[in-house]
Amino acid sequence: MNIYVLLKKTFDTEEKITVQGGRIEDDGAEFIINPYDEYAIEEAIVQRDAHDGEITVVTIGDEDSEKQLRTALAMGADKAVLINTEEDLEDGDQFTTAKILEAYFEGKDADLILAGNVAIDEASGQVGPRLAELLGIPYVTTITSLSIDGAAVSIEKDVEGDVEVIETSLPLLVTCQQGLNDPRYPSLPGIMKAKKKPLEELEIDDLDLDEDDVEAKTKTIDIYLPPEKEAGKVLEGEIADQVKELVSLLKNDKKVL
Amino acid sequence: MSDKLLVIGEVRDNDIRNVSFEAIAAAKQISADAEIVGVLLSDNDLTSAGEEFIAHGADSVITVTHENLKEYTSEGYGQAILEIIDELSPNGIVMGHTSIGKDLTPKIASRLSAGLISDVVDIEKDGDDAVYIRPIYSGKAFEKKAFEDDFTFVTIRPNNIPALEKDTSRSGDVTAKDVDIKDLRTIVKEVVRKASEGVDLSEANVIVAGGRGVKSADGFKPLYELAEVLGGAVGASRGACDADYCDYALQIGQTGKVVTPDLYIAVGISGAIQHLAGMSNSKVIVAINKDPESNIFNVADYGIVGDLFEVIPLLIEEIKKVKA
Ligand SMILES: Cc1cc2nc3c(=O)[nH]c(=O)nc-3n(C[C@H](O)[C@H](O)[C@H](O)COP(=O)(O)OP(=O)(O)OC[C@H]3O[C@@H](n4cnc5c(N)ncnc54)[C@H](O)[C@@H]3O)c2cc1C
Ligand SMILES: Cc1cc2nc3c(=O)[nH]c(=O)nc-3n(C[C@H](O)[C@H](O)[C@H](O)COP(=O)(O)OP(=O)(O)OC[C@H]3O[C@@H](n4cnc5c(N)ncnc54)[C@H](O)[C@@H]3O)c2cc1C
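Here the structure is a predicted model, which is why all the values come from computation and not from measurement. (Residues numbered from 1 in each chain as written. Chains lettered and ligands numbered in written order. Predicted model: local features only at pLDDT ≥ 70, side-chain atom pairs only at ≥ 80, totals over all residues. Heavy atoms only, no water.)

Peer 1: Looking at this structure, how should I read the interface of chain A and chain B?
Peer 2: Note: interface size is frequently given as the accessible area lost on complex formation between the parts. Each partner contributes to the interface: chain A provides 71 residues, whereas chain B provides 81 residues. Between chain A and chain B lies a buried interface of about 6800 Å² when both sides are counted; carbon and sulfur atoms form 55% of it. Scanning the region where chain A abuts chain B turns up seven salt bridges. One can count 39 residue pairs in polar contact (both at pLDDT 80 or more) joining chain A with chain B. Sorting the residues of the side of chain A that touches chain B by element identifies α1 (35-51), α4 (127-135), β9 (139-149), β10 (152-159), β11 (162-169), β14 (218-224), β15 (233-234) and α6 (239-253) of chain A as the ones contributing at least two each. Ranked by residue count, the leading element in the side of chain A that touches chain B is α6 of chain A, at eleven residues. (Contact = heavy atoms within 4.5 Å. Buried area = accessible area lost by both parts, 1.4 Å probe. Salt bridge = Lys/Arg side-chain N within 4 Å of Asp/Glu carboxyl O. Polar contact = N/O pair within 3.5 Å; in protein donor to acceptor, adjacent residues only side chain to side chain. Helix = DSSP H or I, 4+ residues; strand = E, 2+ residues; numbered from the N terminus.)

Below, the structure written as C-alpha cells:
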C-alpha cells in the first residue's frame, strides 16, 4: 500500500506566544510535530505493518522542518519529502497549501493519505478536505478507528462526541482525531536508522507550479494578544460564606444567574 | 447591486441548530443589505424549518429533501449545495463551525477555488469590507483576516455572534429544489449516540465541567444536579474522560468541544492549555479547585480554593435559594 502522511510543524504547546508588529515572534521557539499528525504517523505505521507498503511523510515548510521529518522517520516512516517554499513564496493560506500538495501528489497513486484533524496553531482544519477534493478522492475527517480490508475501508468517526460508523473505499484521505491510537516514541535504533532514510527536498519549480497558481485567497491583517484579563478574584473566608458571595456576584454583578 | 449570501443551516432531529440562526446574523453583519438565502437539507419535509429560518432573518430558503441526505456526508451535501451555488451565483457563504461545517466547507471552497476563513468569533467593518477575527494558537492569540477577492466564505464559532430576534411576521419563499444525490463513495452505516439528550454542550449558556479531581463517575452526580438547577449542561476535561468518569462526548478543549457559554464552572480541573483552548472565551469563568497554584485560576473571574465535594452541595443549595 502506498501511504502518505501530511505533517505540519507547530509551536510547542507550552510555548508562550509573543507578538511583534502584527506577527507571531518565532525566533528561538521550540517546534514540534503537530500532535494530531503524530496520530497520523502512528496509524500509517500500523496500517503498513498490517498490509505492507511504504510510508512517505510530506511537509511544506522551511529548512528547519527537517527536524520534524527526521522524528517521523525515527518513529517508523520510510521516506520524507520537504517542500521548501522559503525562497519562492512570501504569503500563503490554506488554499496555497492545498494547491502545492495537489501538485506534489500528481501521478503519485496514493492509496491512503493521513492528515491531522487540525493544526494547533492556525487551526482551520481545511488542508485535508481541500486536498482530497483537489485529488478527486473521498475523505473522512476526525476518525477514531480505521480498518482496511482489500479496497474496503471501515471507519469510526467522532462527530461532536457521537460515533459514526462509515464505509468507504481506497483511495482515501482521512484526518486523525484523539482516540485513534497512542503514538509511539522514536526508539534509539529508530533514531539511528532515520539518519539514513531518504529525505527529498523540493521547491515550487520542481512541482511545475507558478507562483500565481498558489496565490493566497485570504490575508492576515493583524495578529494580537487577547486583552490582559483582569486578575480574577479568589474568594476568602469560610467556604459557606464564599459560596454565598459567589452566587451574589454571579447574580448581581455578572447577571448570569 | 446588493450582495447575495447563502447561509447553510443545519437541521438536527427536525430542529434547526441555534448556530445556524447565528450564521444569518453574521451574514447581516458582513453585508447589511445583502439578500440572504437559507439552504436546508434533509430526508424530511423542510417547509416549517424553512419558515423558522425566515423568521430568524433569511429572505428566502431553498430546501433539498432526498433519502440520501438522511445522514450528513460531504459528498451528498456537496452535490446539493454546489448545484444551488451554480444556480444562484452568490457572493458568499456562511455556516456554523460545527462538525458538519468543518467537514463540508473546505470541500466547497476547494471546488470554488475560494478562500475560507474558519472559526470566526467576531466581525468588524472597515468601510464596506468585513474583517474577521478568529482565535489562533489555542486561543493564546487572535488574528484579523480578510479576503483578497470579493468572494466571502466563513464559518462561525457557536455562541459568539448573537442570533437575531425571532420575528414571525417576516415572510419569504421556501422553495423545494430537486437534486439527485447519487454515487456516494462514503456511507454512514450507523450512528452511535453518546452525547446526552438535553442541552447541547456547544450551545449551552451554562456549563458545569468536571475534571480528574471529581475522582469517579459517582463524583459527577452532584455536577449534574448543579447543571440542572442552572439549566445548563455538564462537560469534562480530558483527564476525567481518560479516567472513565464520563464519556468522551463531554470532553471540552482542543480535541473536544469548543464552547463559549455565559457561565463556565470548572470543577477539579487544573487548566491545561488544551483545555483552555476549548473554554477560555467563556464570558464568566468560575474555578473550584483545592490547589491555589492551579492554572485554572489564571483564567477564572472567580475562584474558590477548596474541596469540591464540600463546595458543590453548598452551591446547589444557594443557587436553589436565589432561583426560588
Ligand atoms: C508559502 C506559504 C506561506 C505561508 N505564509 C504564512 C504567513 O505568512 N502567515 C501565516 O500565518 N501562515 C502562513 N502560511 C501557513 C498557512 O496559512 C497555513 O498554516 C497552512 O495552510 C495550514 O493551515 P492550518 O494551519 O489551518 O492547518 P489545518 O488545515 O488545520 O491542518 C490540518 C492538517 O493538514 C496538514 N497540513 C497543514 N499544513 C501543512 C503543511 N504546511 N505541510 C503539510 N501538511 C500540512 C497536516 O496534516 C495538518 O494536521 C503559509 C503557507 C505557505 C504554504
Ligand atoms: C494533543 C492533546 C490534546 C488534548 N486535548 C485536550 C482537550 O481537548 N481537553 C482537555 O481537557 N485536555 C486535553 N488534553 C490533556 C491536557 O493536557 C490535560 O492532561 C488535561 O486537561 C488534564 O485534565 P484535568 O485538569 O481534569 O486533570 P489534572 O491536571 O489531573 O487536574 C485535576 C485537578 O483537580 C484538582 N483537585 C483534585 N481533587 C480535588 C478536590 N477534592 N477538590 C477540588 N479540586 C481537586 C487538582 O488540584 C487538579 O488541579 C490534550 C492533550 C494533548 C497532548
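Peer 1: Explanation requested: unusual backbone geometry in the structure shown.
Peer 2: Most peptide bonds take the trans form, and the phi angle of most residues other than glycine is negative. In this structure, the amide linkage connecting L170 of chain A to the following residue, P171 of chain A, adopts the cis form with an omega of -10 degrees. Position of P171 of chain A among the secondary structure elements: in the loop between β11 and β12 (172-176). Despite not being glycine, D52 of chain A has its phi angle at roughly 65 degrees, a positive value. On the secondary structure map, D52 of chain A appears in the loop between α1 and β6 (54-61). The exposure class of D52 of chain A is exposed, given its relative accessible area of 57%. The backbone phi angle of K215 of chain B is positive, close to 75 degrees, even though this residue is not glycine. Positionally, K215 of chain B belongs in the loop between β14 (206-210) and α5 (221-230). Classification of K215 of chain B by relative accessible area gives exposed; the value is 52%. (Buried < 20%, exposed > 50% of the residue type's maximum accessible area, 1.4 Å probe, protein only.)

Peer 1: Mind showing me how you'd approach the UniProt feature "domain: Electron transfer flavoprotein alpha/beta-subunit N-terminal" (unreviewed entry) in chain A here?
Peer 2: Annotation from UniProt places "domain: Electron transfer flavoprotein alpha/beta-subunit N-terminal" (unreviewed entry) at residues 21-211 of chain A. Secondary structure content for residues 21-211 of chain A is 29% helix and 31% strand, and the end C-alpha separation is 26 Å. (UniProt positions renumbered as here; feature names shortened; annotations may be inferred.)

Peer 1: Help me understand the site of ligand 2 in this model?
Peer 2: Around ligand 2, 29 residues are found, and the nearest of them are R212, S237, T255, S270 and N289 of chain B. Residues lining ligand 2 come from chains A and B. Contacts to ligand 2 include H275 of chain B, whose side-chain N or O atom sits 2.9 Å from an oxygen atom. Considering ligand 2 on its own, with 990 Å² of exposed area, one finds that the protein chains cover 81% of that surface. When the residues that make up the shell around ligand 2 are grouped by side-chain class, the tally is seven nonpolar, 16 polar and six charged. (Near = heavy atom within 4 Å. Areas by Shrake-Rupley, 256 points an atom, 1.4 Å probe, with all protein chains shown as cover. Nonpolar A, V, L, I, M, F, W, Y, C, P; charged D, E, K, R; others polar.)

Peer 1: What should I look at first to understand the domain arrangement of chain B in this one?
Peer 2: Residue and element names in this part refer to chain B. Under the domain assignment used here, chain B contains domain 1 (4-176) and domain 2 (201-323). Here the C-alpha centroids of domain 1 and domain 2 sit 31 Å apart. Broken down residue by residue, the surface that domain 1 buries against domain 2 is led by S138, R157 and N159, which jointly contribute 54%. Where domain 1 packs against domain 2, one counts one salt bridge. For the salt bridge of R17 with E203, the shortest nitrogen-to-oxygen distance reads 3.6 Å. Here domain 1 and domain 2 share eight residue pairs in polar contact (both at pLDDT 80 or more) between them. Taken together, the residues that form the side of domain 1 that touches domain 2 break down as five nonpolar, four polar and three charged. (Domains from an automatic or database assignment.)

Peer 1: Can you help me understand the side chain of S138 of chain B in this one?
Peer 2: In this fold, S138 of chain B is placed in the loop between β9 (129-136) and β10 (141-147). There is a polar contact of 3.2 Å between the side chain of S138 of chain B and the side chain of Q254 of chain B. Setting aside residues up to four positions removed in sequence, S138 of chain B forms contacts with I120 of chain A together with Q254, I273 and A277 of chain B.

Peer 1: Is there a simple way to think about the environment of K16 of chain A in this case?
Peer 2: Residue and element names in this part refer to chain A. Position of K16 relative to the elements: it lies in the loop between β2 (9-11) and β3 (19-20). Using a relative accessible area of 66% as the deciding quantity, one classes K16 as exposed. K16 sits 13 residues away from A29 along the chain, and the two C-alpha atoms are 8.8 Å apart.

Peer 1: When you look at the confidence of the model for chain B in this model, what are you seeing that I'm missing?
Peer 2: Interpreting fine coordinate detail is not advised for predicted regions of low pLDDT. Per-residue confidence for chain B gives a mean pLDDT of 96, with 99% of residues at or over 70. Across the assembled chains, the prediction reports ipTM 0.96 with pTM 0.95. (pLDDT = per-residue confidence, 0-100.)

Peer 1: Sorry, what's going on with the sheet that holds β14 of chain A here?
Peer 2: Strand pairing in a sheet relies on backbone hydrogen bonds, with the paired strands running either antiparallel or parallel. Pairing within the open sheet is antiparallel, and its four strands lie in the order β14(A)-β10(B)-β9(B)-β8(B). Pairing within the sheet leaves two strands with one partner each, and these edge strands are β14 of chain A together with β8 (122-126) of chain B. In this sheet, neighbouring strand axes are inclined to one another by 30 degrees on average, regardless of whether the strands run parallel or antiparallel. In the sheet, β9 of chain B pairs with β10 of chain B via five bridges, with the strands oriented antiparallel. Each bridged residue has a counterpart across the sheet, and for I136 of chain B the counterpart in β10 of chain B is A141 of chain B. In the packing of helix α1 (residues 18-30) of chain B onto the sheet, contacts are made with β8 and β9 of chain B, and the angle to β8 of chain B comes to roughly 15 degrees. (Pairing = 2+ DSSP bridges. Axes fitted to C-alpha atoms, helices over the stretch in contact; angles between N-to-C directions.)

Peer 1: Can you walk me through the sheet that holds strand β11 (residues 152-156) of chain B in this structure?
Peer 2: All names here are of chain B. A sheet is described by the order of its strands in space; here seven strands give the open sequence β7-β11-β6-β1-β4-β5-β12, paired in parallel fashion. Only two strands of the sheet have a single partner each, and these edge strands are β7 (117-120) and β12 (174-176). Strand-to-strand twist of the sheet, defined as the mean angle between neighbouring strand axes without regard to direction, takes the value 25 degrees. With three bridges joining them, strand β1 (residues 4-8) and strand β6 (residues 92-96) adopt parallel strand pairing. If you follow V7 over to β6, its bridge partner there is V94.

Peer 1: Sorry, what's going on with the UniProt feature "domain: Electron transfer flavoprotein alpha/beta-subunit N-terminal" (unreviewed entry) in chain B here?
Peer 2: If you check UniProt for "domain: Electron transfer flavoprotein alpha/beta-subunit N-terminal" (unreviewed entry), the listed places come out as residues 5-191 of chain B in our numbering. With 27% helix and 34% strand, residues 5-191 of chain B has end C-alpha atoms that lie 32 Å from one another.

Peer 1: Help me out: how do you make sense of the domain arrangement of chain A in this one?
Peer 2: One can read the domain layout of chain A as domain 1 (2-214) and domain 2 (232-257). Computed over C-alpha atoms, the centres of domain 1 of chain A and domain 2 of chain A are 47 Å apart.

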